[in-house]
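Commentary on secondary and tertiary structure
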Amino acid sequence: QVQLVESGGGLVQPGGSLRLSCRASGSVFSIGIMHWYRQASGKQREVVAIITSNGNTNIPDSVKGRFTISRNNAENMVYLQMNSLKPEDTAVYYCNADLVLLTDPFRRLKNYWGQGTQVTVSS
């Protein structure tokens, strides 16, 4: 089955860095736009990074200058580099992507979510 699987989360001190990875596994024909979202406890889910199929990126002001998104289509991977982390960055981080499956003869885009990975920033 096709899945998005995140990795790289964990506990880090304020000012530290983490690099999150997301792999699309299974029979993937192509990958469209990809996002990273986060959801802190008791708060709404918010987007923190976007990258298009052409490689154009968008980072919201809340994390601009600290977070960077990148992708490797050949390996079905998307990454989120997080620097200068703050306690308010603590959240579950989710990978999201539009995928076309090899098994779909109509080559339709479908949206997928990863299971999430916990990032905790604390001293």
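Here, the structure is the one placed above.
Reading the values: the criteria
Residues numbered from 1 in each chain as written. Predicted model: local features only at pLDDT ≥ 70, side-chain atom pairs only at ≥ 80, totals over all residues. Heavy atoms only, no water. Helix = DSSP H or I, 4+ residues; strand = E, 2+ residues; numbered from the N terminus. Rg over C-alpha atoms; globule rule 2.2 N^0.38 Å. Buried < 20%, exposed > 50% of the residue type's maximum accessible area, 1.4 Å probe, protein only. Contact = heavy atoms within 4.5 Å. Areas by Shrake-Rupley, 256 points an atom, 1.4 Å probe, with all protein chains shown as cover. Lys, Arg positive; Asp, Glu negative; His and termini not counted. Charge placed at Lys NZ, Arg CZ, Asp CG, Glu CD. Pairing = 2+ DSSP bridges. Salt bridge = Lys/Arg side-chain N within 4 Å of Asp/Glu carboxyl O.

**Focus: the overall build of the protein chain**
Scanning the protein chain for helices and strands turns up 0 helices and 11 strands. Ordered by position from N to C terminus, the α and β elements of the protein chain give β-β-β-β-β-β-β-β-β-β-β. Relative to a compact globule of 123 residues, whose C-alpha radius of gyration would be 14 Å, the protein chain shows 15 Å and is just as compact. When the 123 residues of the protein chain are sorted by exposure, 42% land in the buried category. For the protein chain, the proportion of contacts with a sequence separation of at least 24, taken over those separated by at least 6, is 57%. Surface accessibility of the protein chain: about 6700 Å² in total, with carbon and sulfur atoms responsible for 46%. Measuring between centres, the 12 positive side-chain charges of the protein chain sit 2 Å from its 8 negative side-chain charges.

**A word on unusual backbone geometry**
Residue Asn 76 is not a glycine yet carries a positive backbone phi of 55°. With respect to the helices, strands and loops of the structure, Asn 76 is situated in the loop between strand E7 (67-72) and strand E8 (77-82). Positive phi is not limited to glycine here, since Arg 107 has a value of about 55°. Tracing the chain through its elements places Arg 107 in the loop between strand E9 (91-101) and strand E10 (109-113).

**Points about the side chain of Ser 21**
Mapping Ser 21 onto the fold places it in strand E3 (residues 18-25). In this structure Ser 21 comes out as buried when scored by relative accessible area, which is 14%. With residues near it in sequence (within four places) discarded, Ser 21 still touches Val 5, Glu 6, Ser 7, Trp 36, Met 77, Val 78 and Tyr 79.

**Considerations on the pairing of strand E4 (residues 28-39)**
Here E4 runs beside E9; their pairing, made up of 9 bridges, is antiparallel. Each residue of the ladder has a partner; that of Ser 30, found in E9, is Val 100. Bridge count between E4 and strand E5 (residues 46-51): 5 bridges; the pairing is antiparallel. In the sheet register, Tyr 37 faces E5, and the bridge partner there is Val 47.

**Some details on the pattern of salt bridges**
In this structure the tally under the stated criterion is 5 salt bridges. The partner of Glu 46 in a salt bridge is Arg 38, with the nearest N and O atoms 2.8 Å apart. By relative accessible area, which is 7% here, Arg 38 ends up buried. With a shortest N-O distance of 2.9 Å, Asp 89 and Arg 38 are connected by a salt bridge. Separated by 51 residues along the polypeptide, Asp 89 in the loop between E8 and E9 and Arg 38 in strand E4 bring together distant segments of the chain. On the basis of relative accessible area, Asp 89 is assigned to the buried category, the value being 1%. If you follow the salt bridges from partner to partner, you end up with Arg 38, Glu 46, Arg 66 and Asp 89 in one network.

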